Amino acid sequence: MASKFPQNGTSSKKGVNPHLKPLFFLSIHRYMAQTTPNHTQTVSGWAAHDSSGKITPYVFKRRENGPNDVTIEILYCGICHTDLHHVRNDWGITMYPVVPGHEITGVVTKVGTNVTRFKTGDRVGVGCLAASCLECEFCKSSQENYCDQIQFTYNGIFWDGSITYGGYSRMLVADQRYVVRVPENLPMDAVAPMLCAGITVYSPMKDTKMLESPGKKLGIIGLGGLGHVAVKFAKAFGLHVTIISTSPSKEKEAKERLGADHFIVSTNPKQMQAGKRSLDFILDTVSANHSLGHYLELLKVNGTMVIVGAPEKPMELPSFPLIFGKRTVKGSMTGGMNETQEMMDVCGKHNITCDIEVVKPDQINEALERLANNDVRYRFVIDIAGQSPNL
């Protein structure tokens, strides 16, 4: 099977559709190469080997730096909730052993002969994307994240047919197309989660023109890893921000530390009633199962709700709040590479980073367990290289 995939550097770079049924992934795992003859670099990292999700040290091989590649010494890697789902095989598609991590920052140590965007010593980041077809309408319009054949930084299948390994490791080889530059003024630890959490909220805010609508009113459902970053972007662009949460205890932090203008406790009927038809936009960042009906009532006529959280069960979407408010509900996932670089540059301009808790590699399992219990404010970041947090 691996021989059917072109080697890195060729013109036709097709992958395997990640949306195919889990059974396909389970069967293909028998034939797909963990490495190819080009994988000659020994790397130490951390992997899960079964659905227990326990992370242990793991030594594996990475490919040689190709003509279009950069080699990156990884300094920091964020821990995303997606990592938790993959290590435990919650979605039934994990190809073990899995090395998670798609919120990666580090320093370039080697560049390929065709690389023009980066040089040795550059501060860079790698997010969710490792490969795409390069030929579809989405790849050609810098919306690679919607390519039908997108492959991810880990648990994906690269152009050479090998399974991808993520950022819970000492180094990474990445195609330059899927690498972004990190502004010099941003700390490499606190900016790492922006490669996933940041672009996940920035992309829909830009798409719905929130970022060019100062004074408009944005509601953010959930004040977690995504929600707190959304507040920072929104305030940087002059939006009026309302946090909508089930936790009254978060109001002080939302207003006093993050700068939110208003706070609604979603389980309080009086507060929800008082907020009816008050918001131009709502960004729903919650991954827990919930109904959209009473949140939609907060939107003005012609208001838009964007879903970026991913609950396990289908959402309840009543028709009347849509019909009587001429409202729109849409979804969004991460962003294309040009947009990701734009987001990173905005972070540099406005000094926007994620609020983090740094952990050592031997604390990964503890961090994952705490993440499962929502015991983090707001993102964990692994200090891969043991560097100074001020980098």
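Above this text sits the structure in question.
Residues numbered from 1 in each chain as written. Predicted model: local features only at pLDDT ≥ 70, side-chain atom pairs only at ≥ 80, totals over all residues. Heavy atoms only, no water.

Draft legend 1. Representation of the overall build of the chain in the model. Per the secondary structure count, the chain includes 12 helices and 17 strands. Expressed as lengths along the three principal axes of its C-alpha atoms, the size of the chain is roughly 65 × 45 × 40 Å. Burial analysis of the chain (391 residues in total) assigns 57% to the buried set. Long-range pairs, those at least 24 residues apart, make up 69% of the contacts in the chain with a sequence separation of at least 6. If the 41 positive side-chain charges of the chain are averaged to one point and the 37 negative ones to another, these points end up 4 Å apart. (Helix = DSSP H or I, 4+ residues; strand = E, 2+ residues; numbered from the N terminus. Buried < 20%, exposed > 50% of the residue type's maximum accessible area, 1.4 Å probe, protein only. Contact = heavy atoms within 4.5 Å. Lys, Arg positive; Asp, Glu negative; His and termini not counted. Charge placed at Lys NZ, Arg CZ, Asp CG, Glu CD.)

Draft legend 2. Region of the structure containing the pairing of strand β2 (residues 55-63). Alignment of strand β1 (residues 39-48) against β2, held across nine bridges, turns out to be antiparallel. By the bridge assignment, W46 is partnered in β2 with P57. If you look at the hairpin formed by β1 and β2, you'll find six residues sitting between the two strands, and G53 has a positive phi there, around 80 degrees. (Pairing = 2+ DSSP bridges.)

Draft legend 3. Summary view of the pattern of salt bridges. The tally for this structure, following the rule as stated, stands at 20 salt bridges. Residue D122 pairs with R181 through a salt bridge whose shortest N-O separation is 3.0 Å. Placement of the pair is D122 in the loop between β4 (104-111) and β5 (123-126) and R181 in strand β9 (residues 179-181), with a sequence separation of 59 residues. Judged by its relative accessible area of 8%, D122 falls in the buried class. (Salt bridge = Lys/Arg side-chain N within 4 Å of Asp/Glu carboxyl O.)

Draft legend 4. Representation of the side chain of E339 within the structure. Here E339 shows up in helix α11 (residues 337-350). K206 is the oppositely charged side chain nearest to the buried, salt-bridge-free E339, at an N-O distance of 4.3 Å. A distance of 2.6 Å separates polar atoms of two side chains, one belonging to E339 and the other to S203. (Polar contact = N/O pair within 3.5 Å; in protein donor to acceptor, adjacent residues only side chain to side chain.)

Draft legend 5. Spotlight on the packing of aromatic side chains. With the rule as written, the count across this model stands at seven aromatic pairs. Plain terms: the ring middles of Y58 and Y165 are 6.2 Å apart, the flat faces sit at 75 degrees to each other, and that makes the pair edge-to-face. Of this pair, Y58 sits in strand β2 while Y165 sits in the loop between β7 (151-152) and β8 (171-175), and the two are 107 residues apart along the sequence. The class of Y58 is buried, set by a relative accessible area of 18%. Judged by its relative accessible area of 4%, Y165 falls in the buried class. Put simply, the rings of Y58, F60 and Y165 touch in pairs and so form one group of aromatic residues. (Phe/Tyr/Trp six-rings, centres within 6.5 Å; stacked < 30°, edge-to-face > 60°.)

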